[in-house]
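Chain and residue survey
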Amino acid sequence: MPAVTVPDNLALPRTEPVEARAQIRRVKSITDAPSGLEGEGFPVRRAFAGAALAELDPFIHMDQMGEVEYAPGEPKGTPWHPHRGFETVTYMIDGIFQHQDSIGGGGIIANGATQWMTAGSGILHIERPPEKLIASGGLFHGVQLWVNLPAAQKWVDPRYQDIEAQDTVLLTSADGGALVRVIAGDVAGQRGPGSTHTPISLAHATVQPGAELALPWPSEFNALVYVLAGDGTVGPDARPFHSGQLVVHGPGDAIVMRANEVQESRHGALEVLILGGQPIREPVAAHGPFVMNTRDELVQAFEDYQAGRLGRVPADHIGNA
């Protein structure tokens, strides 16, 4: 980890410095992500399981998929399934996933690439390892994030974005000790390639042992940091945090974290997913694959799915319908 890197951080643009008068956000909570199984049985950590939904808004759900080294025949994915009312973001750090959906979107998501699917009014999709990977086995590690849509946009037409690894915007901290990959939104003056309906920012940072990463952060956004691997401290009072933990920040206009001097040998650095967005502050009615505003809308989503109004599995589909 990770697949997208550079030989010399110092050749990259630097992050904008945090102003001296900036309010560094304090830590509100640090929670552990429990382990579980998803889809056909691939291992995940439920990153948001310990946090209140109001603190996560506009995000709904996030899984860290893997990190796991599959033996031949072991890789697993999901069967065909529906979504309505939100966006799914699948970021593959290492390994390969294959996506296909009912509006013709799809392809290979591999080694630092991201697929951004707006379910909107309704879509069917599938995510599976390619047959070649199932046969050979291999490393699998990624993140899937669900971003809510406001009521006024829950009925937009479905959309698919393929963000290749080379499209990710790279920058480094002032001292070159951190590599920041900007996937969407504005992070420290650099804008990522992802096009979002709900205003958010999303980045993956590698912070080398002993290095500090300080980022300006919009005061109107919430601020979350999830530790993919490694150990460090976060916030102005240097709260310790480690792999598999989610940090929820309080108000302010900057965030700060530091990697411990000694890291585990398997990764060697602090790896964090940094995300935040403008809260929607609307009622949330979520069940299974649907995220709506009312129970009646949920019932309608299930009825529409059963009636085939959320799309059809393509004739040349991958996997099993």
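The text that follows walks through the structure, step by step, so that each part is easy to find. From a predicted model like this one, the values you see are computed outputs, not experimental measurements. (Residues numbered from 1 in each chain as written. Predicted model: local features only at pLDDT ≥ 70, side-chain atom pairs only at ≥ 80, totals over all residues. Heavy atoms only, no water.)

Time to look at the sheet that holds strand β5 (residues 81–83). Spatial strand order, β5-β10-β7-β8: 4 strands in an open sheet with antiparallel pairing. Looking at strand neighbours, the two that pair on one side only are β5 and β8 (106–110), the edges of this open sheet. On average, adjacent strands in this sheet sit at an angle of 30° to one another, irrespective of strand direction. Sheet topology note: the strand β7 (residues 96–101)/strand β10 (residues 123–128) ladder contains 4 bridges and is antiparallel. Counterpart to Asp101 in the pairing with β10 is His125. (Pairing = 2+ DSSP bridges. Helix = DSSP H or I, 4+ residues; strand = E, 2+ residues; numbered from the N terminus. Axes fitted to C-alpha atoms, helices over the stretch in contact; angles between N-to-C directions.)

In this section: the environment of Asp63. Within the fold, Asp63 resides in strand β4 (residues 59–70). Classification of Asp63 by relative accessible area gives buried; the value is 4%. Considered as a pair, Asp63 and Glu220 are 157 residues apart in the sequence and their alpha carbons are 25 Å apart. Polar side-chain contacts of Asp63 include one of 3.2 Å to the side chain of His61. (Buried < 20%, exposed > 50% of the residue type's maximum accessible area, 1.4 Å probe, protein only. Polar contact = N/O pair within 3.5 Å; in protein donor to acceptor, adjacent residues only side chain to side chain.)

Here Ala205 shows up in strand β17 (residues 200–207). Considering only alpha carbons, one finds Ala205 and Thr168, 37 residues apart in sequence, at a separation of 12 Å. Ignoring any residue separated from it by four or fewer positions in sequence, one finds Ala205 in contact with Leu179, Val180, Arg181, Leu213, Leu270, Glu271, Val272 and Ile274. (Contact = heavy atoms within 4.5 Å.)

Attention now goes to the environment of Glu127. Among the structural elements, Glu127 can be located in strand β10. Between the C-alpha atom of Glu127 and that of Ser201, which follows or precedes it by 74 residues, the distance is 24 Å. Contact partners of Glu127, with chain neighbours within four places excluded, come to Gly77, Thr78, Thr90, Phe97, Gln98, His99, Ile109, Gln115 and Gln144. A distance of 2.8 Å separates a polar atom in the side chain of Glu127 from a polar atom in the side chain of Thr90.

For the structure shown, the criterion picks out 10 salt bridges. A salt bridge links Arg258 to Glu212, with the nearest nitrogen and oxygen atoms 3.3 Å apart. Taken together, the residues Arg258 in strand β23 (residues 254–259) and Glu212 in strand β18 (residues 212–216) connect sequence positions 46 residues apart. One connected set of salt bridges, linked through shared partners, spans Glu67, Glu264 and Arg266. (Salt bridge = Lys/Arg side-chain N within 4 Å of Asp/Glu carboxyl O.)

This brings us to the nonpolar core. Counting 28 residues, the largest nonpolar core has Val180, Val187, Leu213, Phe241, Met257, Val272 and Ile274 as its most contacted members. Elements supplying a minimum of two residues to this core: β13 (169–172), β14 (178–184), β17, β18, β19 (224–229), β23 and β24 (270–277). Core analysis: the next-biggest nonpolar cluster, separate from the first, contains 26 residues, Trp116, Ile163, Ile200 and Leu275 among them. (Core = buried A, V, L, I, M, F, W, Y, C linked by side-chain atoms within 4.5 Å.)

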